[in-house]
Amino acid sequence: MMAFEPAQQHQSAAPLQGPLFEGLLAEFAACAMSAGIAALGAPNRALIFAAAARACGPFDSGPGRSHPISVNALAASLARPFETIRRQANMLIDTGLLVRHETGLAVPLQAICDPRAALMADRCHDLLVRLVEDVRAANFMLPEPRPDINYDPRTGIGIAFDLLLATIECHHQRKENWTRLALIFAIEWANRRFAHASGPYLAPVKPSTVARILGLPYATVSRNIEALVASGKLRRVSEGLVIATEFVTAPAAADARLALANRARQLLGRLSLIGFPLDRPARAYIDGRPPLPALG
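A quick note: this is a predicted structure, and the numbers were derived from the prediction, not measured. The residue count restarts for each chain, going from 1 along the sequence in the order it is written. The model is predicted, so local features are restricted to residues of pLDDT at least 70 and side-chain atom pairs to those at 80 or more, both for listing and for counting; the totals for chains, interfaces and linings are taken over all residues. In computing side-chain values, all of the structure's heavy atoms are included and hydrogens and water are not.

K.L.:
Would you mind showing me how to read the packing of helix α3 (residues 71–78) against helix α4 (residues 82–94) here?
P.N.:
When two helices pack together, their arrangement is captured by the angle between the axes and the distance separating the axes. Under this scheme, a helix contributes an axis fitted over its contacting stretch, all axes are lines through C-alpha atoms, and angles between N-to-C directions fall in the 0 to 180 degree range. For the purposes of this entry, the term helix denotes a DSSP run of H or I that reaches at least four residues, the term strand denotes a run of E that reaches at least two, and both are numbered from the N terminus. Taken N-terminus to C-terminus, the directions of α3 and α4 make an angle of 115 degrees; their axes are 9 Å apart at the nearest point. In terms of axis orientation, α3 runs roughly perpendicular to α4. Here the hand of the crossing between α3 and α4 comes out right-handed. Touching V71, N72, L74, A75 and L78 of α3 are F82, I85 and R86, all from α4. Amino acid classes used here: Ala, Val, Leu, Ile, Met, Phe, Trp, Tyr, Cys and Pro are nonpolar; Asp, Glu, Lys and Arg are charged; the rest, including Gly, are polar. Its residues placed into classes, the contact of α3 with α4 shows six nonpolar, one polar and one charged. Should an angle lie under 35 degrees it is considered roughly parallel, over 145 roughly antiparallel, and from 65 to 115 roughly perpendicular; all remaining angles are considered oblique. What makes a crossing left-handed is the near helix being turned counterclockwise from the far one by less than a right angle; a clockwise turn instead makes it right-handed. The criterion used for residue contact is that any of the two residues' heavy atoms lie within 4.5 Å.

Given below as structure tokens:
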């Protein structure tokens with residue numbers, strides 16, 4: 001069991017890179033996608049809500065970015081067809097989590113208090129805090145804390161959403177819909193976790209476990225797993241599923257991991273600038289350290 005509150009990092013702290021760091025990012029991605037699905041019912045709606053919230057507030061410590069974002073701009077930023085974004089955005093408008101202005105879409109300030117938005121926002125924030133705890137416990141280098149700045153969890157939520165969106169952006173070249181991409185994240189993480197190591201991807205995971213990790217119906221998981229197996233991205237073995245080695249080692253996958261690690265380092269640097277307690281990250285939790293999904 002890791003000790004999550006070391007007073008000081010050792011001088012031999014490692015740079016934020018490599019398989020262990022990538023595994024922690026995969027863990028964040030799978031669990032953040034699960035949080036979005038639990039809150040809003042589907043990965044599409046969760047990611048559109050996060051992207052709209054980051055484009056026009058309200059998750060900033062200052063007045064935020066108040067200009068609405070057009071559906072075209074949202075579709076371009078998420079690399080998804082206009083009609084897909086328009087249809088899902090309309091569902092969020094119907095539930096009050098987005099509002100339509102003459103110039104585009106916005107997340108209203110009162111959405112912070114909506115139980116569904118709060119569930120996703122608070123859980124993503126605490127998953128980010130858990131990531132920082134685990135990065136620190138693994139003796140990776142972190143920026144110096146800024147105790148002279150009062151930390152505002154609302155800004156931390158914005159950075160957590162940025163990391164979730166960066167995960168999707170960096171893996172655009174995988175050319176999957178968001179449900180299948182969520183499955184890939186969950187299976188990659190579970191393969192690593194079962195193996196109790198940062199690689200290789202040899203520890204199988206059952207489809208029922210993947211469904212439980214993400215909170216998706218088993219039928220949805222099974223149907224999309226069949227498509228991923230048929231495309232050669234997953235392999236079936238006697239005890240479950242593993243990510244295909246050739247998929248993991250493909251240049252596009254390596255580029256995606258590198259891009260995400262670079263973006264994650266930038267976002268962890270931003271945490272320092274907003275006063276996040278990088279030396280005592282557990283102090284930043286809203287609801288406490290989220291448990292890991294059960295894999296047994």
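That shown, we press on.
K.L.:
Is there a simple way to think about the pattern of salt bridges in this case?
P.N.:
Where charged atoms from two side chains of opposite charge approach closely, those side chains can pair. Here, a salt bridge means any side-chain nitrogen of Lys or Arg that lies within 4 Å of a carboxyl oxygen of Asp or Glu. Per the counting criterion, the structure on display carries 10 salt bridges. For R54, the salt bridge goes to D162, with nearest N and O atoms at 2.9 Å. Here the residue R54 occupies a position in helix α2 (residues 43–56), and D162 occupies one in helix α6 (residues 153–170), the gap between them amounting to 108 residues. Only protein chains enter the area calculation, which uses a 1.4 Å probe; residues under 20% of their type maximum are buried, those over 50% are exposed, and those in between are partly exposed. Taking relative accessible area as the criterion, R54 reaches 6% and is therefore assigned buried. Given the relative accessible area of 12%, D162 is considered buried. Among the salt bridges present, the one from R289 reaches E133, with a minimum N-O distance of 2.8 Å. In this pair, R289 sits in the segment after α11 (251–273) while E133 sits in helix α5 (residues 115–137), placing the two residues 156 residues apart along the sequence. Since its relative accessible area comes to 31%, R289 is described here as partly exposed. Counted as one network, the salt bridges with shared partners bring together R54, D162 and R270.

K.L.:
I tried to follow the packing of α6 against α11 on my own but got confused; where do I start?
P.N.:
As a packed pair, α6 and α11 sit with axes 9 Å apart at the nearest point and diverge in direction by 165 degrees. Taken together, the axis directions place α6 and α11 in an arrangement best described as roughly antiparallel. Seen from above, α6 lies across α11 with right-handed handedness. Where α6 approaches α11, its residues I159, D162, L163, A166, T167 and C170 are matched on the opposing element by A256, A259, L260, R263, A264, L267, R270 and L271.

K.L.:
When you look at the packing of aromatic side chains in this model, what are you seeing that I'm missing?
P.N.:
The pairing test for Phe, Tyr and Trp rings, Trp by its six-membered ring, is centres within 6.5 Å, and the orientation test on the planes gives stacked under 30 degrees, edge-to-face over 60, and tilted for anything in between. All told, the structure shown has three aromatic pairs when counted by the stated rule. When the ring of F21 is compared with that of F140, the centres are 5.9 Å apart and the planes differ by 55 degrees; the resulting orientation is tilted. Here F21, found in helix α1 (residues 19–40), pairs with F140, found in the loop between α5 and α6; they are 119 residues apart in sequence, far enough to count as distant. A single burial state applies to F21 and to F140, both of which are buried. Ring centres of Y151 and F276 lie 5.2 Å apart, and the angle between their planes is 85 degrees; on these two criteria the pair is classed as edge-to-face. Of this pair, Y151 sits in the loop between α5 and α6 while F276 sits in the segment after α11, placing them 125 residues apart in sequence. In this structure, Y151 and F276 share a single accessibility class: buried.

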